[in-house]
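# Working through the structure, step by step
Chain by chain, the residues:
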Amino acid sequence: MSHFNRREFLKTTTAAAGALAFTGPLALSATRQTATDWITLGKSNVKVTRLAFGTGSFSGQVQRDLGQDGFTRMVRYAYDRGIRFFETAESYGDMHRMLGVALKGLPRDSYRIMSKVTTHAGVNPREKFDELRKLANTEYFDIMLLHWQHTDTWPADTVRWQDGIMEAQHRQAIVSHGASMHGLPALRQAPQMPWLDVAMIRMNHKGVSMDAEDYNTQGLGNVPEVVTHVKRVKKNNAGVISMKLVGEGTFNREDRQAAMKFAFRNAGVDAVTVGYKNTAEIDEAIENLNAAFS
């Protein structure tokens, strides 16, 4: 399928699916929902699998340590199990290139790639997006996020990067866009920003590695406030993808199950990304997410 046809296909999906504002635990549909369902991320109109393959465990160190062959086997295993949403970032070292190698030969319209760009001053957005596309061996990114927004002024501070993304969308190098936010001052801006198609927000039931007043706190985040902002963002029909579902690798199996259930049934997120270092972790994440809907 060509990129043009693919984009037309995406446009035929309705954005209404992501528009619900949750006021309590997520109501389950009559049809059994699973980790590998394709869902639409709000007004982005991009379809992704509910569970993503994250490449940023400890800034990608865990995945890089697998080596290219080991990492490729992991990506292909996840793909064969039905995970077709892959997430990386400029700051994850060599992960764009490694992911491009791992996905080589697979039909491009059979998976989605989300990248995150670091919004440095003095960097040309167009050149940076083209550099990342070349590294990832892809003609386009399905989603591009402004990475690590951690101040309450980020909507104004990143206008140049927002414009750069819109220009890239015009030339079909990017399909949709959003931001990943760290810290409550940054997160509080998300519901007020119509530009956001997709928001990446840290989420688990314990508040480990989640948002607080200090984005870099070593303490626990404010879970109730984060959930409130997730619901407000979704009310504006933006898609929400959550990270930190396993508490930066500190959770046991029981807490990993509880975190997945909390993210979907209480916070009402659309999708989650989890980093893996072996196939057993992929199997468990699928099982945990499936159980969240059972």
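In what follows, the accompanying structure is described. (Residues numbered from 1 in each chain as written. Predicted model: local features only at pLDDT ≥ 70, side-chain atom pairs only at ≥ 80, totals over all residues. Heavy atoms only, no water.)

## Topic: the overall build of the chain
Broken down by element type, the chain carries eleven helices and ten strands. Residues counted as buried form 56% of the 294 residues belonging to the chain. Within the chain, residue pairs in contact and separated by at least 24 positions form 77% of the contacts whose partners lie at least 6 positions apart. (Helix = DSSP H or I, 4+ residues; strand = E, 2+ residues; numbered from the N terminus. Buried < 20%, exposed > 50% of the residue type's maximum accessible area, 1.4 Å probe, protein only. Contact = heavy atoms within 4.5 Å.)

## A closer look at the packing of aromatic side chains
Inspection of every chain in the model, using the stated rule, returns seven aromatic pairs. For the ring pair Phe-86 and Tyr-111, a centre distance of 6.3 Å and an interplane angle of 80° mean the geometry is edge-to-face. One end of the pair, Phe-86, is in strand β4 (residues 85–87); the other, Tyr-111, is in the loop between α4 (95–103) and β5 (112–118), and 25 residues separate them in sequence. Accessibility classification places Phe-86 together with Tyr-111 in one group, the buried group. Summarising the aromatic geometry, the rings of Phe-129 and Trp-161 are spaced 6.0 Å apart at their centres and angled 75° between planes, so their arrangement reads as edge-to-face. (Phe/Tyr/Trp six-rings, centres within 6.5 Å; stacked < 30°, edge-to-face > 60°.)

## Quick word on the side chain of Thr-72
Note that Thr-72 resides in helix α3 (residues 67–81). Not counting chain neighbours up to four residues away, the residues in contact with Thr-72 comprise Val-101 and Ala-102.

## So, helix α11 (residues 279–292)
With 14 residues, α11 extends 20 Å from end C-alpha to end C-alpha; this agrees with the ideal 20 Å at 1.5 Å per step. All of the buried residues along α11 are Ile-282, Glu-284, Ala-285, Ile-286, Asn-288, Leu-289, Asn-290 and Ala-292. Structurally, α11 contributes buried residues whose contacts are with β3 (51–54), α3, α10 (253–267) and β10 (271–275). Between the side-chain oxygen at the start of α11 and the backbone nitrogen of Ala-280 there is a gap of 3.2 Å, and the oxygen is on Asn-278. (Expected span 1.5 Å × (residues − 1). Polar contact = N/O pair within 3.5 Å; in protein donor to acceptor, adjacent residues only side chain to side chain.)

## Some details on the pattern of salt bridges
Tallied over the full model, the rule gives 21 salt bridges. The salt bridge partner of Glu-90 is Lys-128, with a shortest N-O separation of 3.0 Å. Of the two residues, Glu-90 is situated in the loop between β4 and α4 and Lys-128 in helix α5 (residues 125–136); the sequence distance between them amounts to 38 residues. Assigned by exposure class, Glu-90 and Lys-128 land together as buried. (Salt bridge = Lys/Arg side-chain N within 4 Å of Asp/Glu carboxyl O.)

## Here we look at the sheet that holds strand β7 (residues 174–181)
Taken together, the eight strands give a closed barrel; going around it, the order is β3-β4-β5-β6-β7-β8-β9-β10, and neighbouring strands pair in parallel fashion. The average angle at which neighbouring strand axes cross in this sheet is 30°, direction not considered. Of the pairings in the sheet, the one linking β3 to β4 comprises two bridges and is parallel in character. Within β4, the position partnered with Gly-54 by the bridge is Glu-87. Across the face of the sheet, α4 comes into contact with β4, β5 and β6 (141–149) while running at roughly 170° to β5. (Pairing = 2+ DSSP bridges. Axes fitted to C-alpha atoms, helices over the stretch in contact; angles between N-to-C directions.)

## Regarding the pairing of β6
Burial analysis of β6 places eight of its nine residues in the buried class, which makes it a mostly covered element. Here six bridges tie β6 to β7, and the two strands are oriented parallel to one another. Note that in β7 the partner of Met-144 across the bridge is His-177.

## Concerning the nonpolar core
With 72 residues, the main nonpolar core has Leu-51, Phe-53, Met-181, Leu-196, Met-203, Val-272 and Tyr-276 as its most contacted residues. No other element matches the six residues that α10 contributes to this core. Ignoring any residue separated from it by four or fewer positions in sequence, one finds Met-181 in contact with Gln-149, Trp-154, Ala-186, Leu-187, Ala-190, Leu-196, Ala-199, Met-200, Ile-201, Asp-211 and Met-243. Counting residues in hydrophobic clusters, the runner-up holds 16 residues, among them Leu-41, Met-114, Tyr-140 and Ile-143. (Core = buried A, V, L, I, M, F, W, Y, C linked by side-chain atoms within 4.5 Å.)

## Focus: α3
Under the 1.5 Å per step criterion, the end-to-end length of α3 is 21 Å for 15 residues, consistent within 8% with the ideal 21 Å. Buried within α3 are the following residues: Gly-70, Phe-71, Thr-72, Met-74, Val-75, Ala-78 and Tyr-79. One or two positions beyond α3, positive phi appears at Gly-82, with a value near 110°.

## Here we look at the pairing of strand β9 (residues 239–243)
Summarising burial for β9: five of the five residues are buried, a large majority. Looking at chain direction, strand β8 (residues 198–202) and β9 are connected through five bridges and run parallel. Note on β9: the bridge partner recorded for Arg-202 is Met-243. Crossover β8 to β9 through helix α9 (residues 223–235) is right-handed. Relative to β10, β9 is paired through two bridges, and the arrangement is parallel. Considered in β10, the bridge of Ile-241 is made with Ala-271. Each parallel crossover has a hand, and the one from β9 via α10 to β10 is right-handed. (Right-handed = clockwise from strand over helix to strand, strands pointing away.)

By themselves, these observations are geometric and do not establish any function.
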